[in-house]
Structures are given as structure tokens and as C-alpha cells.
Amino acid sequence: VQLQASGGGLVQAGASLTLSCARSGRTSSTYDMSWFRQAPGKEREFVGGISGIGGRIYYQNAVNGRFTISRNNAKDTVYLQMSRLKPDDTAVYYCAARVSQWGAFYHFDNDYDYWGQGTEVTVSS
């Protein structure tokens, strides 16, 4: 499985940005897809994700209401639409995938097996 993240950039506070994560490779399994981010000097943290089974969506509290995750199954692509961006959202954003499990969704990076290369988002004040 390969993940290709794109869409990062430099924006001003209050702006919007959409990240994309295209998945390729083994497609016989169902995958949970999540976004993580890592700000300078901080640990990588869960941003949000969508389960492969049932399509349930989860968000970190700090982004809930501002970020939206969606999925285009035909394109094997997951999107992270970010609005009302804040300087605190500045980070390298990573998409990650893991094979779905019934009744479980994981929020920790150690639980994910496949990672994209990261795309940098910088929000200026």
C-alpha cells in the first residue's frame, strides 16, 4: 500500500486548505484512513480519520467543526478540508492507513501500518 499526500501550503489565518491522500497498491482489504500532524518540537497527533467499515468519522477536539474528512472510494482518495485555519494548525500533515477491524478505530500513530510522505501546512498570523 502506498499513500501520496498533497495539498499543503502557506496560508493566512482564517483561510481554508484541502489536503488529499491517494491510496494505491493492495486494494483487496478495507482500510481506515487517518490524518496526523506534527508541529515543530511536538509529538505527532491524531487529527481525524474515517473508518473503512461503515465510514464513521472521528476528529480531534481542536479541529472539530473546522476540519472535514471525506472519502472518494472511486479514486481511493481521502480529503481533509481545513477551514478557519489558525497558526496552531501549522504542522506537517501525514495520512496513514491500517486494515479495518470490526468495532474498532485507532487514534494512535503506532497503530497505523502505512504512511504518506507528509505535506507541510503553514498558517501565518
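No experiment lies behind these values; they were computed from the predicted model shown. (Residues numbered from 1 in each chain as written. Predicted model: local features only at pLDDT ≥ 70, side-chain atom pairs only at ≥ 80, totals over all residues. Heavy atoms only, no water.)

## A short note on the pattern of salt bridges
Part 1: One pass over the structure, following the stated rule, counts five salt bridges.
Part 2: A salt bridge links Asp76 to Arg23, with the shortest nitrogen-to-oxygen separation between them at 3.4 Å. Within this pair, whereas Asp76 is found in the loop between strand 7 (67-72) and strand 8 (77-82), its partner Arg23 is found in strand 3 (residues 17-24), the two being separated by 53 residues in sequence.
Part 3: According to the relative accessible area criterion, Asp76 is partly exposed, its value standing at 26%.
Part 4: Here Arg23 falls in the buried class, since its relative accessible area comes to 14%.
Part 5: A salt bridge links Asp89 to Arg37; the nearest nitrogen and oxygen atoms lie 2.9 Å apart. Of this pair, Asp89 sits in the loop between strand 8 and strand 9 (91-99) while Arg37 sits in strand 4 (residues 31-38), and the two are 52 residues apart along the sequence. With respect to burial, Asp89 and Arg37 carry one shared label: buried.
Part 6: Three or more residues are tied together by salt bridges with common partners; here these are Arg37, Glu45, Arg66 and Asp89. (Salt bridge = Lys/Arg side-chain N within 4 Å of Asp/Glu carboxyl O. Helix = DSSP H or I, 4+ residues; strand = E, 2+ residues; numbered from the N terminus. Buried < 20%, exposed > 50% of the residue type's maximum accessible area, 1.4 Å probe, protein only.)

## Re the pairing of strand 11 (residues 119-124)
Part 1: Here strand 11 shows a buried face lined by Thr119, Val121 and Val123 and an unburied face lined by Glu120, Thr122 and Ser124.
Part 2: Where strand 2 (residues 9-12) meets strand 11, four bridges bridge the pair, whose relative direction is parallel. Looking at the pairing, Leu10 lines up with Thr122 of strand 11.
Part 3: As paired strands, strand 9 and strand 11 are joined by three bridges and run antiparallel to one another. By the bridge assignment for strand 11, Val92 is matched with Glu120. (Pairing = 2+ DSSP bridges.)

## Quick word on the sheet that holds strand 1 (residues 2-6)
Part 1: Ordered in space as 1-3-8-7, the four strands form an open sheet in which the pairing is antiparallel. Each edge of the sheet is formed by a strand with only one pairing partner; in this case those strands are strand 1 and strand 7. Each strand axis lies, on average, 15° off the axis of its neighbour in the sheet, ignoring direction. (Axes fitted to C-alpha atoms, helices over the stretch in contact; angles between N-to-C directions.)

## Remarks on the packing of aromatic side chains
Working definition: an aromatic ring pair is given by the centre-to-centre distance plus the angle between the planes.
Part 1: The full count for this structure, using the stated rule, is eight aromatic pairs.
Part 2: Each ring, one from Tyr31 and one from Tyr114, has its centre 6.2 Å from the other, and the planes form 75°; the classification is edge-to-face. Of this pair, Tyr31 sits in strand 4 while Tyr114 sits in strand 10 (residues 114-115), and the two are 83 residues apart along the sequence.
Part 3: Taking relative accessible area as the criterion, Tyr114 reaches 25% and is therefore assigned partly exposed.
Part 4: Among the aromatic residues, those joined into a cluster by ring pairs are Phe36, Phe46, Tyr58, Tyr94, Phe105, Tyr112 and Trp115.
Part 5: Between the NZ or CZ atom of Arg44 and the centre of the ring of Tyr94, over which it lies, the distance is 5.3 Å.
Part 6: Against the face of Trp115 rests Arg44, its NZ or CZ located 3.9 Å from the ring centre. (Phe/Tyr/Trp six-rings, centres within 6.5 Å; stacked < 30°, edge-to-face > 60°. Lys NZ or Arg CZ within 6 Å of the ring centre and 35° of its normal.)

Interpretation in functional terms is not warranted from these geometric data alone.
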